[in-house]
Amino acid sequence: MPVISVENLSKSYRLGQINTGTFSRDLEAWWARLRGRPNPHLRIGETDPLLTARSAKSAKEELNPGGLSGLRGSNSEEDDIVWALKDVSFTVEQGEVLGIIGRNGAGKSTLLKILSRVTAPTSGRIRVKGRVASLLEVGTGFHPELTGRENVYLNGAILGMTRQEVTRKFDEIVDFAGVEKFIDTPVKRYSSGMYVRLAFAVAAHLDPEILVVDEVLAVGDAEFQKKCLGKMGEVAQGGRTVLFVSHNMAAVSALCKNGVVLQDGKLAVFYPVNDAINYYIKHGANLALRVSPKERRDRQGNGAARISDVKVLNSTNEIISQVPLDNGALSFQIDVEGKETIRSAWVAIGVYDTLNRCILWLDSQALNFEPTIKEGNNHITCTISSDFTFTKGTYSLNIAIFQGKDMLDYLPSVTSFDVIDGDFYGTGKISGGNPAVYVKQEWKKW
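It should be emphasised that the depicted structure is a prediction, and the values quoted were computed from it without experimental measurement.

**Some words on the side chain of aspartate 335**
Of note, aspartate 335 is situated in strand β12 (residues 330–338). Polar contacts involving the side chain of aspartate 335 include one to the side chain of lysine 311, which spans 2.8 Å. Those residues in contact with aspartate 335, other than ones at most four positions away along the chain, are Arg306, Ile307, Ser308, Asp309, Lys311, Asn378 and His379.

This is the structure we're talking about:
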């Protein structure tokens, strides 16, 4: 029986339209805008974005009264509207753990906010059966001036729990969060890690029928993330429902049964989770791979040296995109454009699988290889041994160039390659056990 039903859900926002903090000030701003005057509550030097947009529209119509702008009519107003969600429909069964996957800006957080009743939809309908506990951002529902103890009771009350229910779970919550020493300290003095640990502990332990978790676990350390995943698994096994948003595909795969993929506010697929992850990797996660490294805008670093191209080479220095298991040595050639002469540079390459797990880390500094990058074009090659190879699948490269502690350039998912079947051992057999890599082996008996 569905506990969450979403039907043709849409949410839109108008660009530049924000409130002023009070209803009376909103009315004054609306009345001024109606008369073509600026918002009286703007600071000196600020402009009203809606008034500016309308002035630009009027000028455009004056310049071309009979052209396209005149024919479009209200379409220019539609240009000011952004659809965070558009006609999204799906259902979630009781006890199901649903992974919600998508790139930044795909509409994941907006969907969770609507399901948690933090914001209202523009159109469509949702039905939620049961009490919802939401953890949408660090410290949601916490008051910074109150102590950890007081915030546990406050958050419990927000979630609809009685004081007796919170008291019964209190020790378990504090123990899980690991903040016993600071439970009577105002949470404004907590680190972000302590904040999120306590916030998650409250949401997970107060017996909600539906637990909604956004990408907040990235704040915690590895040990706490493991505890959180284990707790969400316990929640699901207890017959409760979990909605889980994460960019960690390994966590999504381990925890979830089904997966929703959102693209540009629309529901792309609703699949068993592994199919959803494969769809996301193929159509969404690796969009960066289709753009030349020179044209990438998502790079980091001071720009003193820039990655201009990356090639994957086989043992005969041929450029390849598919790597057989029996390929032999494998090389990564990095073309670097130096803006100036850079001495003692070093390069790091991370090889990641489709679940965004780092399978291999290659670091030139660890081998005391710190080349001088001259002004202009440079070529740096890293070759890995034929003594091991990756298992069948798709792998992407994250590459960074450093000088000392300074990052010169960094590009995630700069290129990828596919590993296909081959006779790695020379026996015509493939090893079982689902390993991450194959290694050369020698067996003896004595």
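What follows picks up the thread again.
**Considering the side chain of threonine 389**
Here threonine 389 lies in strand β16 (residues 388–390). Its relative accessible area of 9% is what places threonine 389 among the buried residues. Those residues in contact with threonine 389 that lie beyond four places of it in its chain are Pro324, Leu325, Phe424, Val437 and Tyr438.

**Observations regarding the pairing of strand β9 (residues 266–272)**
Note that strand β8 (residues 258–263) and β9 share six bridges and pair antiparallel. Residue pairing for β9: leucine 262 is matched across the bridge by leucine 267. Hairpin connection between β8 and β9: a loop of two residues separates the two successive antiparallel strands, and aspartate 264 in this loop has a positive phi of roughly 50°.

**Quick notes on the sheet that holds strand β11 (residues 322–324)**
Strand pairs in the sheet, formed through backbone hydrogen bonds, run parallel or antiparallel to each other. Strands sit in the order β11-β18-β17-β13-β14 across an open sheet of five strands; the sheet is mixed. Each end of this open sheet is capped by a strand with a single partner; those strands are β11 and β14 (358–363). The mean inter-strand angle of the sheet, taken between neighbouring strand axes irrespective of direction, is 30°. Across eight bridges, the pairing between strand β13 (residues 345–352) and strand β17 (residues 393–403) is antiparallel. Within β17, the residue paired with valine 347 across the bridge is isoleucine 401.

**Examining the sheet that holds strand β4 (residues 123–128)**
As summarised here, the arrangement of the three strands in space is β2-β1-β4, forming an open sheet in which the pairing is antiparallel. Because the sheet does not close on itself, it has two edges, and the strands there are β2 (81–93) and β4. Averaged over neighbouring strand pairs, the angle between their axes works out to 15° when direction is ignored. Pairing of strand β1 (residues 2–14) with β2, which is carried by nine bridges, proceeds in the antiparallel orientation. Pairing of arginine 14 across the sheet is with isoleucine 81, part of β2. Those strands touched by helix α5 (residues 108–115) are β1, β2 and β4, and its axis lies near 120° from that of β1.

Cut-off values and rules
Residues numbered from 1 in each chain as written. Predicted model: local features only at pLDDT ≥ 70, side-chain atom pairs only at ≥ 80, totals over all residues. Heavy atoms only, no water. Helix = DSSP H or I, 4+ residues; strand = E, 2+ residues; numbered from the N terminus. Polar contact = N/O pair within 3.5 Å; in protein donor to acceptor, adjacent residues only side chain to side chain. Contact = heavy atoms within 4.5 Å. Buried < 20%, exposed > 50% of the residue type's maximum accessible area, 1.4 Å probe, protein only. Pairing = 2+ DSSP bridges. Axes fitted to C-alpha atoms, helices over the stretch in contact; angles between N-to-C directions.

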